[in-house]
Each structure stands twice: as C-alpha cells, then as structure tokens.
Amino acid sequence: MGIRIYQLADELDLENKELIDILQELDIDINSHMSTIEEDTADIVRDMFEEEETEEESLENVIEVEDVLTVKELGEELDVKPNKLITELINMGTMATINQDLDMETMEELAAEYGYQIKEVEGEDEEEDIYGLVNDYEDKEEDLELRPPVVTVMGHVDHGKTTLLDAIRKTNVTEGEAGGITQHIGAYQVEVNDQKVTFLDTPGHEAFTSMRARGAQATDVAIIIVAADDGVMPQTVEAINHAQAAEVPIIVAVNKIDKPNAQPEKVKQELTEHGLVVEEWGGDTVTVPISALKQQNLDELLEMVLLTAEMEELKANPNRPANGVIVEAELDRGRGPVATALVKNGTLNIGDYIVAGSAHGRVRAMIDDHGQRVEKAGPATPVEVLGLSDVPSAGDILEVMPSGTNARDIAEEREEEKRARELVDHKTAVNLDDLFEQ
Ligand code: GTP
Ligand code: MG
C-alpha cells in the first residue's frame, strides 16, 4: 500500500518538494497518481536521515559558542591565523580588526570555510553569591599591622575538640579571670608567651565550607584532633580535606594518649593514607601527642601553633570599617539576636551600622570572651554582638555599612533572593515527588 509523500515529509520534517527532489535523486519511483511510495523505499529514506542525524551529532568539527567570539578567538577555535580570517572577511565585504566581535551569521560562514559548524549553547548560569563582601576596600601596605592568628580546632565527634579548647583556655588565663569562666564559648582569645592567639571551636563543617566559598576564610591554622584510641575517622578526613582545600596549614594533635588502648603510631600510619606524612617519616606534617583531659603536652602544641602562625606574617588594618564572620548566633530571650562574630579586618565599634547575611542593625553592645562589655573590637577579636534584626547563620559575613538604610537594603535584597531560591528548590522537590508517585 505504501506511505503518502506528505506523511513521510512530515515525519522527516521536510517540505514535500524537498522529499520529492531526494526521491528523484535516488531514482525512486513515485506512484504519482496516489502520491505514495513503497514502505521499503520509505525505510531507505528514513535510514538516510537517521544516519545523517547521528553523523551530525558526532561531528567533531563543531564549535560550541556561548556568546559572540572575536576574530582572534574564532581563529584559535579553527586553528587558523587571524590574519587569514581578516582576509576572508574582506573578501566577504567586511572590514574587521583582530579584536572585533563577530555575529553568529558571519561566524557560521567563516567556520564553514574550514569545515566547522557553529553551535550556539546556553551558558551555565553560575549562582551568584550575593552574601559576599559588599565593600571592596583595598588596604595600603603601610596601614597593615600584625594581628593574632586564628586557630580552628577540627576533628571527628568525641575526639576531644571541646576538651582541648577548654583546657587551653583554663591553663592560659590569669588566676583572677579563671574563676569567672564557667561555660564554654565558641571563640576566645588567650595569651601564649605574650602573644595573643584566637581559637575557634569548629563552626561546623558546613559553616567552614560556606566561609571558604565566600572567601571569608577565617582560619590561619587548623588543629586537627585525632583520638589515639579511635584513629582517623570520616570527619577527620573531611576536616583534612577542608583545611587542604582552604590551603590552611595543619597541625595534628593526637589526643587521648593517656588511654591504655591509645595507638598513636597507628594514627600516623592512617594519616599517611590521607596525604599527611608526619615529620618523623620525612613528611612535613607536624603531629603533637597530647592528652586534653590530663592537660599533657599542651604547651608543645601551642608552641607549634605559634611557630606555624609566625611564618604566615598575619596582618590587618585596624583603622577601617570592620568586616568579619559569624561564628555562631542564637535568639536570646532577653537580649534578642546575639551573634558571636570574629572581626577579620578593621575595627568594629558600638553604633556601627552592620549587615550579617540577611540580618542588619546597629551595634548596640559588644561583649568579649571574658563577659566584659567592650566599646570596640579589632582584627582577630571574637566578640558577641547585640543589635541585629535577626539571627544570622554561622559562616555569614558581617560588614559595617555607611548607613542604616544601606544595611537594611542589602539585608532585604538578600532575604528576597533567599526566598526566591527556596521557592525554586521547593518546586524541584515537588516535581521529583510527582515522578516517584507514578
Ligand atoms: P563533639 O563536640 O561532640 O564533636 O566532641 P568533641 O570532639 O568536642 O569531644 P569532647 O571534648 O566533648 O570529648 C569527648 C569525650 O572524650 C569526653 O568524655 C572527654 O572527657 C573525653 N576526652 C577528651 N580528651 C580526652 C583525653 O585526652 N583523654 C581521655 N581519656 N579522654 C578524653
Ligand atoms: Mg565539642
């Protein structure tokens, strides 16, 4: 019976006329009365088109372009000297210079000359991080002053992070102060050999990652703590990866050496498997065996921290509006949103207009790590900040703004963007659910 020409043309996305031309080329008999061809013959034509399509797909000579290219760029893609392309263009009646943008049509024509095809592709929209620094403030070299190092303690659950931080704090504050310290806080500063050092309890891996993504790397030295009775565990590996990705020097504290089942040598072996070769074995990873609980060898650990930090020559400009990062934050029933911030650069003052993530406000009060009210906080100082409109997230950047309106506008913009993104995420989730329901 066969198939009608117009049906086949439709199927192959051709005009009737085009199909008829092809059929004539192939010397195929058309039943002109019925305008049909044999099914077998139709298959031959179908195969032809199928092959052509796959051929097109596998064409190596396809140049994918997102946007217009200049003569020079197209030359690089085609592996042709730009001068040659300029000559071609002149022949085509266009005067062009080497850095001139070419439109799609011209690019296609030129590419065809060299057996290439141009394929327009959509560029991937990179999600812009609107939570980054707003004021890009360049510091002059002569305004920079040495600042204390910021040390973050990371490690697997229960390997002793908090115990170590508390021990360092207790053994490094003066007698008078010691009595006043009862509760653990996420960030504090101590003095070791007359040198200030700021410590951060792990602000959670997530916060660490977001700080890194925002270029707000707050850590200068990472202490990775590994319990000698447990060894390298998943979160130890994660911590190693984070520190390495952030290019932060690592000191390994092998903890709980007081325990009878401690196996510090085994820990060193396991570290090697993750790219950290200890000094005794010819590598450059510093390890210090300690007992956080029994406060053994903590001085040596701190000495190694100071040595490492000294090599970094850490500087900041205390005489400029502050920026920093939120280490932790909560809603206090009496005081409202309370954020522990680490000032990275500049000095934060009472009365400053600030934005932190999608929260904004004016610094109403600041409390240091000894529970004392302070008027200002300079580089590498951890401080509790009161006066924000909302509770920011750990890892959010805190920044001083020129005015209250300014701070509010930015916070609102971020809030809106956050909502829009959540909406998109939500939609995607619903669609996936729909799929699974079927
Ligand atoms: P998370 O915050 O839950 O991840 O744990 P962490 O790493 O902060 O551990 P933490 O300091 O809470 O210690 C966990 C347990 O190990 C506690 O019971 C500590 O007393 C104990 N511990 C910590 N350090 C030592 C040590 O050096 N020796 C011994 N024997 N026990 C220790
Ligand atoms: Mg802890």
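Just so it is clear, the model here is predicted, and its values are computed rather than measured.

Another point: the packing of aromatic side chains. Per the counting criterion, the structure on display carries 1 aromatic pair. Centre to centre, the rings of Y188 and F199 are 5.9 Å apart; their planes meet at 35°, and the pair counts as tilted. Remark: F199 occurs in strand β8 (residues 195-201) and Y188 occurs in strand β7 (residues 187-192); sequence separation between them is 11 residues. Accessibility assignment for this pair places Y188 and F199 in one class, buried. Sitting over the face of the ring of Y188, R169 holds its NZ or CZ atom 5.1 Å from the ring centroid.

Restricting attention to buried positions, one finds in helix α6 (residues 104-113) the residues M104, T106, M107, L110 and A111. All buried residues of α6 project into a common sector of 160° when viewed along the axis, lining one side. Opposite the buried face of α6, by more than 90 degrees, sit the exposed residues E105, A112 and E113. Each element contacted by the buried residues of α6 is listed here: β3 (62-65), α4 (71-78), α5 (82-91) and β4 (117-120).

Read across the open sheet, the 6 strands follow the order β7-β8-β6-β9-β10-β11; overall the sheet is mixed. The open sheet is flanked by β7 and β11 (286-289), the only strands paired with a single partner. The average angle at which neighbouring strand axes cross in this sheet is 30°, direction not considered. Taken together, the 6 bridges between strand β9 (residues 221-227) and strand β10 (residues 250-255) define a ladder with parallel strand orientation. By the bridge assignment for β10, I225 is matched with A253. Along the sheet, helix α10 (residues 234-245) makes contact with β6 (150-155), β9 and β10, crossing β9 at roughly 165°. Each of β9, β10 and β11 is contacted by helix α11 (residues 264-273), which is oriented at about 150° to β10, the strand it contacts most.

Rules used in this analysis
Residues numbered from 1 in each chain as written. Chains lettered and ligands numbered in written order. Predicted model: local features only at pLDDT ≥ 70, side-chain atom pairs only at ≥ 80, totals over all residues. Heavy atoms only, no water. Phe/Tyr/Trp six-rings, centres within 6.5 Å; stacked < 30°, edge-to-face > 60°. Helix = DSSP H or I, 4+ residues; strand = E, 2+ residues; numbered from the N terminus. Buried < 20%, exposed > 50% of the residue type's maximum accessible area, 1.4 Å probe, protein only. Lys NZ or Arg CZ within 6 Å of the ring centre and 35° of its normal. Arc of directions from axis to C-beta. Contact = heavy atoms within 4.5 Å. Pairing = 2+ DSSP bridges. Axes fitted to C-alpha atoms, helices over the stretch in contact; angles between N-to-C directions.

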